[in-house]
Amino acid sequence: MSKNLIKEKEYAAKEASKLLKDNQIVGLGTGSTAYYAIIEIGKLVSQGLNIRAIPTSEESMELAKKLGIPLIDINTVDHIDITFDGADEFTSDLQLIKGGGGALLREKIIASLTMDNIIIADSSKKVALLGKFTLPIEVIPMAYQYVLARLQSLGGKGTIRKKDDVTFITDEGNYIIDTDFGLIENPSGLALELNQIVGLVEHGLFLNLAKKVIMGNGETVVTFD
Ligand code: 5RP
């Protein structure tokens, strides 16, 4: 990845962290951009900010613990005040594809409980139409052939995700099918179809879940809301 995009992630994360307030319940995203947000949150906590956080993955949980960010169990809260997470693609009307890091299930649960879901991204993530990034779809392992066939009947060419030649397993013990639907003209229609497939646990179309996207752009940031 070019150095510039890494800087853009950092700028977006720094800008987003200014939205944090004392006593909030905070969702911690997953991925290389959310990483910078968690680092910023760790700094603020070490300076006295009082928050409780809920991570979207084991990886983000480990990082938060290392930084001394207090964590709470999601089942003890009825809402999350603010979440900082990345995206694989976003449109100017705040529709997203997520799941490139394999954490989409916990990410979507946490986004659904969140009042202010803040997406942070570098400028390569902005698209006119979703779908250049293959759509990550989480499935239970026992049903993957069935789900692959159903995706094909919807026009999606799916591939089981592998990491270092081994099938990738999510934090919830499932597989990811990365699915090429081409450019997605009607994301909400596709989401409705996907939601009906038995054995498909969750998909990476995050529709109407983001409050704003803060995008690094060179040495500045641009906000979409
Ligand atoms: C993880 C995600 C990430 O937010 C998404 O993949 C973006 O990651 P990065 O910030 O590393 O580009 O959805 O499941």
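It should be noted that the structure appears before, not after, this text.
Residues numbered from 1 in each chain as written. Predicted model: local features only at pLDDT ≥ 70, side-chain atom pairs only at ≥ 80, totals over all residues. Heavy atoms only, no water.

Visitor: Before we go on, may I ask you to explain the packing of helix H2 (residues 32-46) against helix H3 (residues 58-66) in this structure?
Guide: Helix packing for two helices is described by the angle between their axes and how far apart those axes are. One can describe the packing of H2 onto H3 by two numbers: an axis separation of 10 Å at closest approach and a directional angle of 25 degrees. One element, H2, and the other, H3, form an angle in the roughly parallel class. Considering only the axes of H2 and H3, their crossing is right-handed. Each of Tyr-35, Ile-38 and Ile-39 in H2 lies in contact with H3, whose residues at this interface are Ser-60, Leu-63 and Ala-64. Counted by class, the contact of H2 with H3 contains five nonpolar, one polar and no charged residues. (Axes fitted to C-alpha atoms, helices over the stretch in contact; angles between N-to-C directions. Helix = DSSP H or I, 4+ residues; strand = E, 2+ residues; numbered from the N terminus. Parallel < 35°, antiparallel > 145°, perpendicular 65-115°, else oblique. Left-handed = near helix turned anticlockwise from the far one by under 90°. Contact = heavy atoms within 4.5 Å. Nonpolar A, V, L, I, M, F, W, Y, C, P; charged D, E, K, R; others polar.)

Visitor: Would you take a moment to explain the environment of Leu-19 for this structure?
Guide: With respect to the helices, strands and loops of the structure, Leu-19 is situated in the loop between helix H1 (3-17) and strand E1 (25-28). For Leu-19, a relative accessible area of 30% translates into the label partly exposed. With 63 residues separating them in the primary sequence, Leu-19 and Ile-82 have C-alpha atoms 8.6 Å apart. If near-sequence neighbours (up to four positions away) are discounted, Leu-19 is found in contact with Gln-24, Ile-82, Ile-118 and Ile-214. (Buried < 20%, exposed > 50% of the residue type's maximum accessible area, 1.4 Å probe, protein only.)

Visitor: Please explain the site of the ligand as it appears in this structure.
Guide: Taken together, 18 residues sit near the ligand, with Ser-32, Thr-33, Asp-88, Gly-99 and Lys-125 positioned nearest. A distance of 3.5 Å is found between an oxygen atom of the ligand and a side-chain nitrogen or oxygen belonging to Lys-9. Across the complex, the protein chains shield 91% of the 370 Å² of accessible surface that the ligand would expose by itself. Judged by the fraction of its atoms near the pocket grid, the ligand is located in the second largest pocket. Broken down by secondary-structure element, the contributors of at least two residues to the shell around the ligand are H2 and helix H4 (104-113). (Near = heavy atom within 4 Å. Polar contact = N/O pair within 3.5 Å; in protein donor to acceptor, adjacent residues only side chain to side chain. Areas by Shrake-Rupley, 256 points an atom, 1.4 Å probe, with all protein chains shown as cover. 1 Å grid on protein atoms, 1.4 Å probe; cavity = no way out; pocket = protein on both sides within 12 Å on 5 of 7 lines; lining within 4 Å. Sits in = over half its atoms within 2 Å of the grid points.)

Visitor: What am I meant to see in the sheet that holds strand E5 (residues 96-97) here?
Guide: The strands that make up a sheet pair up through hydrogen bonds in the backbone, lying either parallel or antiparallel. Ordered in space as E4-E5-E13, the three strands form an open sheet in which the pairing is antiparallel. Two strands bound the open sheet, and with one partner strand each, they are strand E4 (89-90) and strand E13 (205-206). Here two bridges tie E5 to E13, and the two strands are oriented antiparallel to one another. The residue bridging Leu-96 from the neighbouring strand is Phe-206, located in E13. (Pairing = 2+ DSSP bridges.)

Visitor: Can you walk me through the sheet that holds strand E6 (residues 114-121) in this structure?
Guide: Spatially, E2-E1-E3-E6-E14-E15 is the arrangement adopted by the six strands of the open sheet, whose pairing is mixed. Either end of the sheet is taken by a strand with one partner, and the two such strands are strand E2 (52-55) and strand E15 (220-224). Going across the sheet, the axis of each strand differs from the next one's by a mean of 20 degrees, ignoring polarity. Pairing between E6 and strand E14 (residues 212-217): four bridges, direction parallel. Paired with Ile-118 across the two strands is Lys-212, which belongs to E14. Helix-sheet contacts for H4 involve E1, E2, strand E3 (80-85) and E6, and the interaxial angle to E6 is about 130 degrees.

Visitor: I would appreciate a short explanation of unusual backbone geometry in the present structure.
Guide: Where the residue is not glycine, phi is negative for most of them; where a peptide bond is considered, it is trans in most cases. Despite not being glycine, Leu-94 shows a phi value in the positive range, around 70 degrees. The topology assignment puts Leu-94 in the loop between E4 and E5. For Leu-94, a relative accessible area of 10% corresponds to the buried category. Even without glycine at this site, Asn-208 takes up a positive phi of about 55 degrees. Positionally, Asn-208 belongs in the loop between E13 and E14.

Visitor: Got a minute to help me understand the nonpolar core in this structure?
Guide: Across soluble globular proteins, nonpolar side chains have a tendency to be buried as a group. Among the nonpolar cores identified, the biggest contains 22 residues, and Leu-135, Ile-137, Val-147, Leu-151, Phe-181, Leu-194 and Leu-205 are the most heavily contacted of them. Looking at this core, the elements with two or more residues in it are strand E7 (135-139), helix H5 (144-153), strand E11 (175-180) and helix H6 (187-195). Judged by nonpolar contacts, the second largest core, of 21 residues, contains Ala-13, Ile-41, Val-45 and Ile-118. (Core = buried A, V, L, I, M, F, W, Y, C linked by side-chain atoms within 4.5 Å.)

Keep in mind that these numbers describe shape and distance, not what the molecule does.
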